[in-house]
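# Structure assessment
Here's the letter readout for the chains.
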Amino acid sequence: SDLSSGINAEYGNLKPDFWSKGDVGRWLKMSGFDHLISTFDEHDISGEVLMMLSEQDLRKPPLSLQKLGEIKRLSSNIARLQAAYTVPEKRSKRTRRDSIDSSKDRRS
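Now for a look at the structure at hand. These numbers were taken from a predicted model, which means no experiment stands behind them.

The terminal C-alpha atoms of helix H6 (residues 68–85), which comprises 18 residues, lie 26 Å apart, in line with the 26 Å expected from a rise of 1.5 Å per residue. The set of residues buried in H6 consists of Glu 70, Ile 71, Leu 74, Ser 75, Asn 77, Ile 78, Leu 81, Gln 82 and Tyr 85. The buried residues of H6 occupy an angular sector of 160° when the element is viewed end-on, so they sit on one face. Opposite its buried face, H6 presents the exposed residues Leu 68, Arg 73 and Ala 83, each directed more than 90 degrees away.

We now examine the environment of Glu 42. Take Glu 42: it is sitting in helix H3 (residues 37–42). What makes Glu 42 exposed here is its relative accessible area of 61%. Sequence separation between Glu 42 and Lys 21 is 21 residues; the distance between their C-alpha atoms is 9.4 Å.

Our next topic: unusual backbone geometry. Cis peptide bonds are those with omega within 30 degrees of zero, and the linkage from Pro 61 to Pro 62 qualifies with 10°. Residue placement: Pro 62 occurs in the loop between helix H5 (55–59) and H6. Its identity is not glycine, yet Asp 44 carries a phi of approximately 55°, on the positive side. Phi is positive for Ser 64, which is not a glycine, with a value near 45°.

It is worth spelling out the environment of Leu 53 at this point. Assignment of secondary structure puts Leu 53 in the loop between helix H4 (47–50) and H5. Separated by 25 residues in the primary sequence, Leu 53 and Ile 78 have C-alpha atoms spaced 7.5 Å apart. When near neighbours in sequence (up to four residues on either side) are disregarded, Leu 53 contacts Phe 40, Ile 45, Leu 58, Ile 78 and Gln 82.

Before going further, it helps to spend a moment on the side chain of Gln 82. Relative to the elements of secondary structure, Gln 82 occurs in helix H6. In terms of polar contacts, Gln 82 uses its side chain to reach the backbone carbonyl oxygen of Leu 53, at 3.2 Å. Those residues in contact with Gln 82 that sit more than four places away from it in its chain are Leu 50, Met 51, Met 52 and Leu 53.

Cut-offs and rules
Residue indices begin from 1 for each chain and proceed along its sequence in written order. Only residues with pLDDT of at least 70 are given local features in this predicted model, and only at 80 or more are side-chain atom pairs given and counted; all residues enter the totals for whole chains, interfaces and linings. To get the side-chain values, all heavy atoms of the structure are used, and hydrogens and water are removed first. Secondary structure counts use DSSP, requiring at least four H or I residues in a row for a helix and at least two E residues in a row for a strand, with both numbered from the N terminus. To estimate the expected span of a helix, subtract one from its residue number and multiply by 1.5 Å. To sort residues, take the accessible area from a 1.4 Å probe on protein chains only and compare it with the maximum for the residue type: under 20% means buried, over 50% means exposed, and anything in between is partly exposed. Here, the arc refers to the directions that run from the helix axis to the C-beta atoms. Contact definition: two residues touch when any of their heavy atoms are within 4.5 Å. Between N or O atoms, a polar contact is any pair within 3.5 Å; within protein, one atom must be a potential hydrogen donor and the other a potential acceptor, and residues adjacent in sequence are included only when both atoms are from side chains.

Read these as layout, nothing more, since geometry by itself doesn't imply function.
What follows is the structure, given as structure tokens:
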């Protein structure tokens, strides 16, 4: 994808899971969130942690970002990064959650 090829050029094919806090800071700057670099550094957000962050993580303490537009944009950028670098797992069995989700679908 365009996202992964741009990031590969910047990070030399280093997957985000292996980024240092400094690499995360460069990604934040490249993504237009340079004002968050010190916050992410203070909270030890390496690439491995970045790849686990959810929108709720951005909203709730300890990060507690306040601006809705910023939360949504950053969350979207992180989700694109996760999608570009996460290999879908092959699931041989349905999980309990799949069963619950499909039963909800039938009720709607």
